[in-house]
Amino acid sequence: MTSGNDASGKLTRRALIAGAGGVALTAPVLAQKLIREGVIDLGLPGGPSERPLTPSFPGKGEMIVQRIRPPLLETPMSVFNEGTITPNDRMFVRWNWDMPTSVKAAAHRVAVGGAVKAPVSLTLDDIASAGEHIEVTAINQCAGNGRGLSDPRVTGTQWGNGAMGCARWSGVRLKDVLAKAGVDAGATRVRFAGLDVPLTDGAPQFIKSIPMDIAMRDDVLVAWGMNGEPLPLLHGYPLRIVVPGWFSTYWVKMLSTIEVLTSEDDSYYVAKSYRVPAAPITPEDKDFDTVAITAMPPRAFITSHADGAVVARGKPLTLRGIAMGGDAALARVDLVGEDGLLLPCKLGPDEGLFAYREWTVTIPNVAADLPNIGVRAATITGAVQPDKLNWNPSGYARNVIERITLRAS
Ligand SMILES: Nc1nc2c(c(=O)[nH]1)N[C@H]1C(S)=C(S)[C@@H](COP(=O)(O)O)O[C@H]1N2
Ligand SMILES: [Mo]
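Residues numbered from 1 in each chain as written. Chains lettered and ligands numbered in written order. Predicted model: local features only at pLDDT ≥ 70, side-chain atom pairs only at ≥ 80, totals over all residues. Heavy atoms only, no water.

A.B. asks: Quick one: what's the story with the overall build of the chain, residue by residue and with numbers?
C.D. replies: Within the chain, the secondary structure is distributed over 6 helices and 26 strands. Its C-alpha atoms give the chain a radius of gyration of 21 Å, within 12% of the compact-globule value 22 Å for 409 residues. Seen through its principal axes, the chain has C-alpha atoms that stretch 70 × 50 × 45 Å. Sorting the 409 residues of the chain into buried and exposed places 54% on the buried side. In the chain, the share of contacts with a sequence separation of at least 24, taken over all contacts with a separation of at least 6, comes to 70%. A total accessible area of about 16800 Å² is found for the chain, and carbon and sulfur atoms account for 53% of it. Side-chain charges in the chain split into 41 positive and 41 negative, and the spacing between the mean points of these groups amounts to 4 Å. (Helix = DSSP H or I, 4+ residues; strand = E, 2+ residues; numbered from the N terminus. Rg over C-alpha atoms; globule rule 2.2 N^0.38 Å. Buried < 20%, exposed > 50% of the residue type's maximum accessible area, 1.4 Å probe, protein only. Contact = heavy atoms within 4.5 Å. Areas by Shrake-Rupley, 256 points an atom, 1.4 Å probe, with all protein chains shown as cover. Lys, Arg positive; Asp, Glu negative; His and termini not counted. Charge placed at Lys NZ, Arg CZ, Asp CG, Glu CD.)

A.B. asks: Can you tell me about the nonpolar core, naming the residues and giving the values?
C.D. replies: Counting residues in each nonpolar core, the largest one holds 68 residues, and the members touching the most others are Trp169, Leu174, Ile210 and Ile258. When residues in this core are grouped by element, the largest group, 5 residues, is from strand β9 (residues 164-173). Residue-level mapping places this core at the junction of two domains, with at least three residues from each of domain 1 (1-273) and domain 2 (299-408). Residues in contact with Ile258, not counting those within four places in the same chain, are Val110, Ala111, Val112, Gly113, Leu174, Val177, Leu178, Val190, Arg191 and Phe192. Counting 21 residues, the second-largest nonpolar core is a separate cluster that includes Ile302, Val333, Leu370 and Leu406. (Core = buried A, V, L, I, M, F, W, Y, C linked by side-chain atoms within 4.5 Å. Domains from an automatic or database assignment.)

A.B. asks: Give a description of the pattern of salt bridges that names residues and reports values.
C.D. replies: Side chains bearing opposite charge may pair, as long as their charged atoms lie close to each other. Taken as a whole and assessed by the stated rule, the structure comprises 16 salt bridges. We note a salt bridge from Asp98 to Arg69, for which the minimum N-O separation is 2.5 Å. Note that Asp98 is positioned in the loop between β5 (93-94) and β6 (110-114) and Arg69 in the loop between β3 (63-67) and β4 (72-74), a separation of 29 residues in sequence. In the salt-bridge network here, residues are joined through shared partners; they are Glu132, Arg173, Lys175 and Asp218. (Salt bridge = Lys/Arg side-chain N within 4 Å of Asp/Glu carboxyl O.)

A.B. asks: Which residues make up the domain arrangement of the chain, and what values go with them?
C.D. replies: The domain architecture assigned to the chain consists of domain 1 (1-273) and domain 2 (299-408). Computed over C-alpha atoms, the centres of domain 1 and domain 2 are 27 Å apart. Across the boundary between the two partners, domain 1 contributes 34 residues, which contact 25 residues of domain 2. In terms of surface lost to domain 2, no three residues of domain 1 exceed Asn81, Thr84 and Ile139, which account for 24% of the buried area on that side. Here domain 1 is connected to domain 2 by 0 salt bridges. Our count for the domain 1 to domain 2 interface comes out at 11 residue pairs in polar contact (both at pLDDT 80 or more). Secondary structure elements with two or more residues in the side of domain 1 that touches domain 2: β8 (133-141) and β9. Grouping the amino acids of the side of domain 1 that touches domain 2 by side-chain chemistry returns 15 nonpolar, 15 polar and 4 charged. (Buried area = accessible area lost by both parts, 1.4 Å probe. Polar contact = N/O pair within 3.5 Å; in protein donor to acceptor, adjacent residues only side chain to side chain. Nonpolar A, V, L, I, M, F, W, Y, C, P; charged D, E, K, R; others polar.)

A.B. asks: So, the site of ligand 1: which residues are in play, and what are the values?
C.D. replies: Around ligand 1 sit 18 residues in total, of which Phe92, Asp196, His235, Arg240 and Lys253 are the nearest. Here Asp196 contributes a side-chain N or O atom positioned 2.6 Å from a nitrogen atom of ligand 1. Here Arg240 contributes a side-chain N or O atom positioned 2.7 Å from an oxygen atom of ligand 1. Protein coverage of the free-state accessible area of ligand 1, which is 540 Å², stands at 100%. In terms of residue class, the shell around ligand 1 is built from 9 nonpolar, 5 polar and 4 charged. (Near = heavy atom within 4 Å.)

A.B. asks: Can you explain the sheet that holds strand β2 (residues 50-54)? Please cite residues and give values.
C.D. replies: Spatially, β1-β2-β3-β4-β5 is the arrangement adopted by the 5 strands of the open sheet, whose pairing is antiparallel. The sheet terminates laterally at β1 (39-41) and β5, the two strands that pair on one side only. Two strands pair when backbone bridges link them, and β1 and β2 are joined in this way by 3 bridges, in the antiparallel orientation. Bridge pairing in β2 places Val39 opposite Pro52. (Pairing = 2+ DSSP bridges.)

A.B. asks: Explain the confidence of the model for the chain to me, using residue names and the numbers behind them.
C.D. replies: Residues at a pLDDT of 70 or more form 91% of the chain, whose mean pLDDT is 91. By mean pLDDT, the top-scoring element of the chain is strand β14 (residues 240-242) (99), and the lowest-scoring one is helix α1 (residues 13-20) (30). The low-confidence segment residues 1-36, where pLDDT is below 50, has 60 contacts with residues more than four positions distant or belonging to other chains. (pLDDT = per-residue confidence, 0-100.)

A.B. asks: Run through the state of the cysteines, naming residues and quoting values.
C.D. replies: The tally for this structure, following the rule as stated, stands at 0 disulfides. As a non-bridged cysteine, Cys345 has Cys166 as the owner of its nearest cysteine sulfur, 19 Å distant. Accessibility expressed as a relative area gives 11% for Cys345, which makes it buried. (Disulfide = S-S within 2.5 Å.)

A.B. asks: Would you mind going over unusual backbone geometry in detail, with residue names and values included?
C.D. replies: At the junction of Arg69 and Pro70, the peptide bond is cis and its omega measures out at -10° in the coordinates. Note that Pro70 resides in the loop between β3 and β4. Cis geometry marks the peptide bond from Asp151 to Pro152; its omega dihedral reads 0°. Mapped onto the fold, Pro152 is located in the loop between β8 and β9. At Tyr274, a position not held by glycine, the phi torsion is positive, near 55°. Although it is not a glycine, Ala397 adopts a positive phi angle of roughly 55°. With respect to the helices, strands and loops of the structure, Ala397 is situated in the loop between β25 (370-379) and β26 (403-408). Take Ala397: its relative accessible area is 15%, and that puts it in the buried class.

Quick look at the structure:
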């Protein structure tokens, strides 16, 4: 289940203004502009599908507003047609609880404790000198990305497919930061907390943990940089965790605590939430085992054309988009029609295991409408996007083949 603090249903002008009360980030002026400046239809089945589209959110370019406070901003799909790196001002934003609107870097400390030899409190300089500086290009994707497309509908933020983006993250290895305190033998997991606190009394803090073998990976970062800039406040200034290939629920922002555990993690957001059925279920199933969502599956998107677009009949047609392997290298992308394979796609430059990869394909001659075409990504380890939605009650880890219809004219 989700945290229960997500706005559900339609964003009315009244709701926007009410939600904006008293926060410097979201002055009433902004709320009025949101209504005037535009609306986008996310194509969500079974409920309100339109959302405000605004260029006015502080620090952001044009974004889809799912909620103002705490912010939930979605990236329009057209951004992914412009390149494989998502600019900082177009990266989606997700905070479970309220976010601090300022952080004093000089006073910021990261406490490293729990099952360690000597607990330490690290300044930003201490973190920067903890080890080699490295950069990883990796996709930041919410586990609920595309949840709003679930049919039947599920609870939680009704995202279209724009709760994802790819950036170059720079920082030091988490394992080098852990070495500052010295991890005890018998350590099982590493848990992270940020500066944000629950909005409701007694509600669980947003803390997340990863298994020790993942924490010790060479590409798991305590990051301070995003596309060559300091992390924006919305994306976790001054430090965030980056776990390439894993859903970004684990990428804790405004990192303030690192805690080494010696048992399983029974905290809410690991033990109770962000979980999927252990085996496929149907919407009628009520009693099933669950597992935590972890690594991302492959996905691919057509970005050059929107659903319902009109294309020229009797001419060649080039389609373009992005694909991702998830936690394994992308092997291929295929254009598929209603009855199966149409054509293999050509892959663009490889920008790293965890990055988006551009694909293109040319249909030699468009003779008629192209109903329900899609692209299907497969990894070198044999994971292939399914034809049928992997439906689950929280709409997590969607990776069904996404389809659009093009009209020939
Ligand atoms: N401190 C903190 N970190 C957090 C969260 C949060 O609520 N608080 N949300 C997580 C979730 S669920 C997602 S999808 C990503 C979103 O990262 P972004 O806002 O930089 O795109 O941050 C993760 N890290
Ligand atoms: Mo998320």
